[in-house]
Amino acid sequence: MIATRYLPFVGRLMIGLPFSMSGLGKLVTYGATTGMISAVGLPFPPLAFAVAVAVELGGGLLLVAGYHARSVAIALAVFSLATALSFHSNFADQNQMIHFLKNVMMAGGLLQIAAFGAGALSIDNRRNGSELRSSHAVAA
């Protein structure tokens, strides 16, 4: 069905935009973000801040565009799991448990992108168009 061709883009958009928005939000809350990083005991809060902004903002935008989507999705999945373990592992607090599970679910969706690729509406697909067309011809 032709409508399903747009689903990978919608999925990338729904996962990538919140990452991008979170990265942008961190840019305007440097002190609070580095304070939170310090509070959980992570080393080098300024470096961790820079990595978080780069991964969230850069990774989110690259995912939406579908540029190197498989490797970006893996990086975001690892980041999501690391964030879940570092910031949301107090399971006595139901809110933290919900955030932990949210991060695990995001990692699961990202691994689906890593496994199946960016889909039709992506830079990856435009760059590899002839390769994808021939694989569809073989499958049909």
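Residues numbered from 1 in each chain as written. Predicted model: local features only at pLDDT ≥ 70, side-chain atom pairs only at ≥ 80, totals over all residues. Heavy atoms only, no water.

Could you give an account of the overall build of the protein chain, naming the residues involved and the relevant values?
For the protein chain, the helix and strand inventory stands at 7 helices and 0 strands. Each of the three principal axes of the protein chain carries a C-alpha extent, and together these read 55 × 30 × 20 Å. Buried positions account for 31% of the 140 residues belonging to the protein chain. As displayed, the protein chain offers around 8,500 Å² of accessible surface, 72% of which is attributable to carbon and sulfur atoms. Side chains of the protein chain carry 8 positive and 4 negative charges; the gap between the two charge centres is 10 Å. (Helix = DSSP H or I, 4+ residues; strand = E, 2+ residues; numbered from the N terminus. Buried < 20%, exposed > 50% of the residue type's maximum accessible area, 1.4 Å probe, protein only. Areas by Shrake-Rupley, 256 points an atom, 1.4 Å probe, with all protein chains shown as cover. Lys, Arg positive; Asp, Glu negative; His and termini not counted. Charge placed at Lys NZ, Arg CZ, Asp CG, Glu CD.)

I'd like a description of the nonpolar core, backed by residues and values.
Most often, soluble globular proteins keep nonpolar side chains buried together rather than apart. Ranked by size, the top nonpolar core spans 15 residues in total, and within it Ile15, Phe19, Leu63, Ala73, Leu76, Leu110 and Ile113 carry the most contacts. For this core, the secondary structure elements donating two or more residues are helix H1 (7–27), helix H3 (45–65), helix H4 (69–87) and helix H5 (94–116). Residue contributions to this core peak at 6 residues, all from H4. With residues up to four places along the chain from it excluded, the contact list for Leu63 reads Arg12, Ile15, Gly16, Ala69, Val72, Ala73, Leu76, Leu110 and Ile113. (Core = buried A, V, L, I, M, F, W, Y, C linked by side-chain atoms within 4.5 Å. Contact = heavy atoms within 4.5 Å.)

Mind laying out the packing of helix H2 (residues 30–39) against H3, listing which residues take part and the relevant values?
Direction vectors running N to C along H2 and H3 enclose 115°, while the axes themselves pass 9 Å from each other. Taken together, the axes of H2 and H3 lie roughly perpendicular to each other. At the point where H2 passes H3, the crossing takes the right-handed sense. Residues Tyr30, Thr33, Thr34, Ile37 and Ser38 of H2 form the contact with H3, whose participating residues are Pro45, Pro46, Ala48 and Phe49. (Axes fitted to C-alpha atoms, helices over the stretch in contact; angles between N-to-C directions. Parallel < 35°, antiparallel > 145°, perpendicular 65-115°, else oblique. Left-handed = near helix turned anticlockwise from the far one by under 90°.)

Go over a nonpolar patch on the surface with me, naming the residues and quoting the values.
A surface patch of nonpolar side chains, amounting to about 500 Å² of accessible area, comprises Ile2, Tyr6, Val10, Met14 and Leu121. Examined against the element boundaries, Leu121 turns out to sit in the loop between H5 and helix H6 (123–127). Relative accessible area serves as the criterion here: at 32%, Leu121 is assigned to the partly exposed category. (Patch = residues over 30% accessible without salt bridge, like charges linked within 9 Å, V, L, I, M, F, W, Y side chains within 5 Å. Salt bridge = Lys/Arg side-chain N within 4 Å of Asp/Glu carboxyl O.)

Please provide a residue-by-residue account of H2, values included.
By the burial criterion, the buried members of H2 are Thr33, Thr34 and Ile37. Down the axis of H2, the smallest arc covering the buried residues is 95°, so these residues share one side. The exposed set on the far side of H2, more than 90 degrees from its buried face, consists of Ala32, Met36 and Ala39. Once H2 ends, the next one or two residues include Gly41, with phi positive near 85°. (Arc of directions from axis to C-beta.)

Outline H3, supporting the account with residue identities and numerical values.
With 21 residues, H3 ought to run about 30 Å at 1.5 Å a step, and its terminal C-alpha atoms sit 29 Å apart, in line with that. In this structure, the buried side of H3 is in contact with H1, H2, H4 and H5. Downstream of H3 by one or two residues, Gly66 has phi in the positive range, about 75°. (Expected span 1.5 Å × (residues − 1).)

Any chance you could break down the side chain of Asn125 for me, citing the residues and the numbers?
With respect to the secondary-structure elements, Asn125 resides in helix H6. Only 2.7 Å separates the side chain of Asn125 from the backbone oxygen of Ala120, close enough to count as a polar contact. (Polar contact = N/O pair within 3.5 Å; in protein donor to acceptor, adjacent residues only side chain to side chain.)

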